[in-house]
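Single-letter residue listing:
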Amino acid sequence: MNFLRGVMGGQSAGPQHTEAETIQKLCDRVASSTLLDDRRNAVRALKSLSKKYRLEVGIQAMEHLIHVLQTDRSDSEIIGYALDTLYNIISNDEEEEVEENSTRQSEDLGSQFTEIFIKQQENVTLLLSLLEEFDFHVRWPGVKLLTSLLKQLGPQVQQIILVSPMGVSRLMDLLADSREVIRNDGVLLLQALTRSNGAIQKIVAFENAFERLLDIITEEGNSDGGIVVEDCLILLQNLLKNNNSNQNFFKEGSYIQRMKPWFEVGDENSGWSAQKVTNLHLMLQLVRVLVSPNNPPGATSSCQKAMFQCGLLQQLCTILMATGVPADILTETINTVSEVIRGCQVNQDYFASVNAPSNPPRPAIVVLLMSMVNERQPFVLRCAVLYCFQCFLYKNQKGQGEIVSTLLPSTIDATGNTVSAGQLLCGGLFSTDSLSNWCAAVALAHALQENATQKEQLLRVQLATSIGNPPVSLLQQCTNILSQGDKINRRGSKIQTRVGLLMLLCTWLSNCPIAVTHFLHNSANVPFLTGQIAENLGEEEQLVQGLCALLLGISIYFNDNSLETYMKEKLKQLIEKRIGKENFIEKLGFISKHELYSRASQKPQPNFPSPEYMIFDHEFTKLVKELEGVITKAIYKSSEEDKKEEEVKKTLEQHDSIVTHYKNMIREQDLQLEELKQQISTLKCQNEQLQTAVTQQVSQIQQHKDQYNLLKVQLGKDSQHQGPYSDGAQMNGIQPEEISRLREEIEELKSNRELLQSQLAEKDSLIENLKSSQPSPGTNEQSSATAGDSEQIAELKQELATLKSQLNTQSVEITKLQAEKQELLQKTEAFAKSAPVPGESETVIATKTTDVEGRLSALLQETKELKNEIKALSEERTAIKEQLDSSNSTIAILQNEKNKLEVDITDSKKEQDDLLVLLADQDQKIFSLKNKLKELGHPVEEEDELESGDQDDEDDEDEDDGKEQGHI
């Protein structure tokens, strides 16, 4: 500052320097000084002058300041002074204290200096590179300067940053700065950068902006945070609004789940500061951005489901039913809940189950409707409740049925303890407040939207007008109030009640010939409509005339000619005589030409600045657009054309019924084919299981055969050893009685052995038969038979093992006997040679003989037991063979049934092919009939719409079938 004083002070005797000369000298110092300190002091002096003498400093010093940024980057102090000076020159923030006259001039000045600065794109690139400096005195002034540039000429600066290498990424690093001042100003910079630029919005989103911003909001305390939370929410709105890519990225990144803690507002006594109200308002708006009706239906639906699954909708309903919530927050919450449930069946069902914390508990819908028909409530709140009710009924036939059912006589509470939604709507419809009349009429019309069933059900509603008089239908009461016009003194707009009732009647009668018949049955209705249309009234009444013309046109177009006095042709003649066709069409066009019609057709939300503007409903504008043209054509059609059209319609209906019949047949055949395929797959699985079991049984049988062969070989060896001993005993001739008896016993054992071998051979042959005739499984009975065979074979295996052990024992005993016989022969020969004493030899022989006899008797007993066991085995084998025979017969029967099923499948496929050929013929006929209709000038629905209608019918039939099966 001493340098500045020296420059500006001058000599007291000489002339005083002007500001321009001082600034010029400072600029010369910046440009020509070789010492860094001199240049730094000069730039600091320019900074101090830049606020007061903005124009002069901007004109003379901008080029020198930019040169400083390019050449003196090593000195952070002079760079900071230069950035601050440029910010003071370009920014309009300091001009708030200036008079209003110069405000526009200062804004123009900032735009001009900004244009000069960005004329060289390298200047913006240089500024982006300076933001990489971590020094606070460089980064913070750079952030403020770039933010100011974006505020002045946003689109041009955005384009320069977009083409700069890593330009957006450098700015995203500001959110990670540990210094809150730079981080917060970085949020403001990104706000200006992302405004109305989808490409930059996508880049910022994919640079992990959602994660960083949500972290900042959480650190700052969510809705209880300060202005930083507000800035982050505004930036999030910039990134998500009208950007489908970022919305999908936000949903897929599970960021919706992180929004739930925002709406945990806590105790009602915690207070609602102005900043908290602002933050919560922005948070609700952010939720609405994700589920806006203007978004693609698929994206909106997925966000709605995510909000229900994470509990966000439940949290919003808690705020909705809480006490002490500010009015503007409550209104915005109602609007937010409306769009979260709009068109989403799951969310609509949940909302229908929400109860207010009252005693007794009341449904939230009833509580909201009480506010809607209460004229003391704020206008914006009543509009929000109407929007919520409309969104609840949007594409919700279940909810429409529940609302209409509260008006039917069978469901009305006779005690009067509880108030239903239908009673509230009727009370609002017939009150003396015109705004309540309009809201109730529109709400009731939405309960009938695209739902012919409820239109017919509503005809059953009866109203008690006064004591002693008979009840009057709701339709009749609406027409009575309509005919009274301004005779009843109402608060509010003069035409609002009549417009609401006419919109309700038009919605009710459209696409419902039964309702048209009921309406025409009252002989006073048609004369009233023709009288209203024929009169020449002021501009305010022209809208009512147009709506009366629309209602009369609907009565003609959807007339089924069931009343002779009001058939289509007679109504047309009446219009031509009393009104004139051209005049009628002109009055009908008053609706779409009204200034409020186009405004209501833009958005579903009823958003009006004041009650006087609340005339049209969004869904009703769609109905007008749909019916205006067809009613005009219907008025000009002759009776012959109507007859031809009726004939063509009947023909089309017949063809549609035929096509529907064939479609049902094809659907049934498809179900049968699916059942047969499932049966075949089940049989295949059983077949594979049984084949596996048979393979295991075959392996077990082979093992048994091997064991049998081994026993046979062992028995053969034993017989070979036994033969020589017997012959030797006969040759010696010693003790012939004993030896002969032993021989007989041995022969008997041999015969038993041969018998066993023959039985074993029979069993082997039986096993071979089992193996050769193993069944091809496919049924439960065969599975049980095979399982029985497996058990029998296991028992046989055990018995064979026992037999083998017994035969081994016999072989051992025979070997011992042969050895003893050999010893006896040797001793006899020795005795003969040595002439022993006869008494001793007889004693020895008697002892041996007794021993042998005992052993032989034991062998005989064992042989008898073996015979009994072999007999039992034979009987079991016979039983197994009989079971296998029965299994084979069962398999043959099942094979025949399988062949029959395959033949049936082939026949059904042939029938289906024939049906497809018939369908093709029917489609060709329908196409020709449609061409005839088009030639006659009748509007014909496109093929896609017919198919979609058929698909809806099929879906409804499937749902009905599912319900019937559930009851069964």
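Everything numeric in this text was worked out from a predicted model, so none of it was measured.

1. Focus on the overall build of the chain
Then step 1. When helices and strands are tallied, the chain shows 41 helices and four strands.
Then step 2. Residue burial in the chain is summarised as follows: out of 968 residues, 45% are buried.
Then step 3. Partitioning the intrachain contacts of the chain with sequence separation of at least 6 by distance along the chain shows that 74% fall at a separation of at least 24.
Then step 4. Carbon and sulfur atoms provide 50% of the accessible area of the chain, an area that totals close to 49400 Å².

2. Some remarks on the pattern of salt bridges
Then step 1. All chains considered together, the criterion is met by 21 salt bridges.
Then step 2. Residues joined by salt bridges that share partners form a network here, namely Asp-37, Arg-40, Asp-75 and Glu-77.

3. Quick notes on the side chain of Ser-33
Then step 1. Looking at where Ser-33 falls in the secondary structure, it is placed in the loop between helix 2 (19-32) and helix 3 (36-50).
Then step 2. Among residues more than four places away in sequence, those in contact with Ser-33 are Asp-28, Asp-38 and Arg-39.

4. A short note on the packing of helix 13 (residues 209-220) against helix 14 (residues 227-240)
Then step 1. Between helix 13 and helix 14, the shortest axis-to-axis distance is 9 Å and the interhelical angle comes to 155°. Here helix 13 is positioned roughly antiparallel relative to helix 14, judged by the angle of their axes. The handedness of the crossing between helix 13 and helix 14 comes out as left-handed. Counting all contacts with helix 13, which are made through Ala-209, Phe-210, Leu-213, Leu-214, Ile-216, Ile-217 and Glu-220, the residues of helix 14 involved are Val-228, Val-229, Cys-232, Leu-233, Leu-235, Leu-236, Leu-239 and Leu-240.
Then step 2. Split by residue class, the contact of helix 13 with helix 14 holds 14 nonpolar, no polar and one charged.

5. Side note on the packing of aromatic side chains
Then step 1. Inspection of every chain in the model, using the stated rule, returns 11 aromatic pairs.
Then step 2. On the basis of an interplanar angle of 35° and a centroid distance of 5.9 Å, the ring pair of Phe-210 and Phe-249 is categorised as tilted. Taken together, the positions of Phe-210 in helix 13 and Phe-249 in helix 15 (residues 244-252) put the pair 39 residues apart, joining distant regions of the chain.
Then step 3. With centroids separated by 5.0 Å and ring planes inclined at 85°, the aromatic side chains of Phe-210 and Phe-250 adopt a geometry described as edge-to-face. Of the two residues, Phe-210 is situated in helix 13 and Phe-250 in helix 15; the sequence distance between them amounts to 40 residues.
Then step 4. Its relative accessible area of 0% is what places Phe-210 among the buried residues.

6. Overview of a negative patch on the surface
Then step 1. Taken together, the side chains of Asp-904, Asp-907, Glu-911, Asp-913 and Asp-914 define an acidic patch exposed on the protein surface.
Then step 2. As for its position among the elements, Asp-914 is in helix 40 (residues 838-936).

7. Some words on helix 23 (residues 397-405)
Then step 1. Inspection of helix 23 places Gly-399, Gln-400, Gly-401, Ile-403 and Val-404 among the buried residues, and these make up the whole buried set.
Then step 2. The inward-facing, buried residues of helix 23 contact helix 22 (379-393), helix 24 (421-429), helix 25 (434-447) and helix 26 (452-458).

8. So, the confidence of the model for the chain
Then step 1. Mean pLDDT for the chain: 82, with 80% of residues reaching 70 or above.
Then step 2. In this model, residues 774-787 is a region of pLDDT below 50 whose contacts with residues beyond four sequence positions or in other chains number 29 contacts.
Then step 3. Here residues 960-968 is a poorly scored stretch, pLDDT under 50, and it has zero contacts once near neighbours within four places are set aside; other chains count.

9. Concerning unusual backbone geometry
Then step 1. Cis geometry marks the peptide bond from Asn-359 to Pro-360, where omega comes out at 0°.
Then step 2. Position of Pro-360 relative to the elements: it lies in the loop between strand 1 (355-356) and strand 2 (362-363).
Then step 3. One non-glycine residue, Ser-196, lies in the positive phi region at around 60°.
Then step 4. Within the chain, Asn-561 stands out as a residue other than glycine whose phi angle is a positive 60°.
Then step 5. Note that Asn-561 resides in the loop between helix 31 (539-557) and helix 32 (568-578).

10. Topic: the environment of Trp-140
Then step 1. The residue Trp-140 is located in helix 8 (residues 136-152) in this model.
Then step 2. In this structure Trp-140 comes out as partly exposed when scored by relative accessible area, which is 27%.
Then step 3. Between the alpha carbons of Trp-140 and Gly-186 there is a distance of 8.9 Å; along the sequence they are 46 residues apart.
Then step 4. Discounting residues that sit within four places of it in the chain, Trp-140 has contacts with Val-181, Ile-182 and Asp-185.

11. Re the environment of Val-624
Then step 1. For Val-624, the location among the structural elements is in helix 36 (residues 618-636).
Then step 2. On the basis of relative accessible area, Val-624 is assigned to the buried category, the value being 2%.
Then step 3. Spatially, the C-alpha atom of Val-624 lies 8.1 Å from that of Leu-550, the residues being 74 residues apart in sequence.

12. Here we look at the side chain of Asn-197
Then step 1. Residue position: Asn-197 is located in the loop between helix 11 (180-194) and helix 12 (198-206).
Then step 2. Accessibility expressed as a relative area gives 12% for Asn-197, which makes it buried.
Then step 3. Looking at Asn-197, its side chain comes within polar contact range of the main-chain nitrogen of Ile-200, at 3.1 Å.

13. So, helix 25
Then step 1. Relative to the 20 Å expected for 14 residues at 1.5 Å per residue, helix 25 spans 20 Å between its end C-alpha atoms, a close match to the ideal helical length.
Then step 2. Most of helix 25 is tucked away: 14 of the 14 residues are buried.

What counts and how
- Each residue is numbered by its place in its chain's sequence as written, counting from 1.
- Reporting of local features is limited, given that this is a predicted model, to residues whose pLDDT is at least 70; pairs of side-chain atoms are given and counted only at 80 or more, and all residues count toward the totals for whole chains, interfaces and linings.
- Note: side-chain values were computed over all heavy atoms of the structure, leaving out hydrogens and water.
- Comment: elements are numbered from the N terminus, with helices defined as DSSP H or I runs of at least four residues and strands as E runs of at least two.
- Between buried and exposed lies partly exposed: a residue is buried under 20% and exposed over 50% of the maximum accessible area for its type, with that area taken using a 1.4 Å probe on protein chains only.
- It only takes one pair of heavy atoms within 4.5 Å for two residues to be counted as in contact.
- Where accessible areas are quoted, they stem from the Shrake-Rupley method and a 1.4 Å probe; at the residue level, only the protein chains shown are allowed to cover.
- Salt-bridge detection follows one rule: a side-chain nitrogen of Lys or Arg within 4 Å of a carboxyl oxygen of Asp or Glu.
- Angles here are taken between N-to-C directions and fall from 0 to 180 degrees, while the axes themselves are lines fitted to C-alpha atoms, restricted in helices to the stretch in contact.
- For classification, angles of less than 35 degrees are called roughly parallel, those exceeding 145 degrees roughly antiparallel, those between 65 and 115 degrees roughly perpendicular, and all remaining angles oblique.
- By convention, the crossing between two helices is left-handed when the near helix turns anticlockwise from the far helix through less than a right angle, and right-handed when the turn is clockwise.
- Polarity classes work like this: nonpolar for Ala, Val, Leu, Ile, Met, Phe, Trp, Tyr, Cys and Pro, charged for Asp, Glu, Lys and Arg, and polar for all others, with Gly in that last group.
- For Phe, Tyr and Trp, rings pair up if their centres lie within 6.5 Å, where Trp contributes its six-membered ring, and each pair is then called stacked (planes under 30 degrees apart), edge-to-face (over 60) or tilted (otherwise).
- Within the patch definition used here, like charges are joined within 9 Å and nonpolar side chains (Val, Leu, Ile, Met, Phe, Trp, Tyr) within 5 Å, considering only residues with over 30% relative accessible area and no salt bridge.
- Just so you know, the count uses Lys and Arg for positive and Asp and Glu for negative, and it drops His and the chain ends.
- By convention, charge coordinates are those of NZ in Lys, CZ in Arg, CG in Asp, or CD in Glu.
- Note on scores: pLDDT gives the predictor's confidence for each residue, bounded by 0 and 100.
- Polar contact is the term for a pair of N or O atoms within 3.5 Å; when the atoms are in protein, one must be able to donate a hydrogen and the other to accept it, and sequence-neighboring residues count only if both atoms are side-chain atoms.
- What a helix should span is 1.5 Å times the count of its residues minus one.

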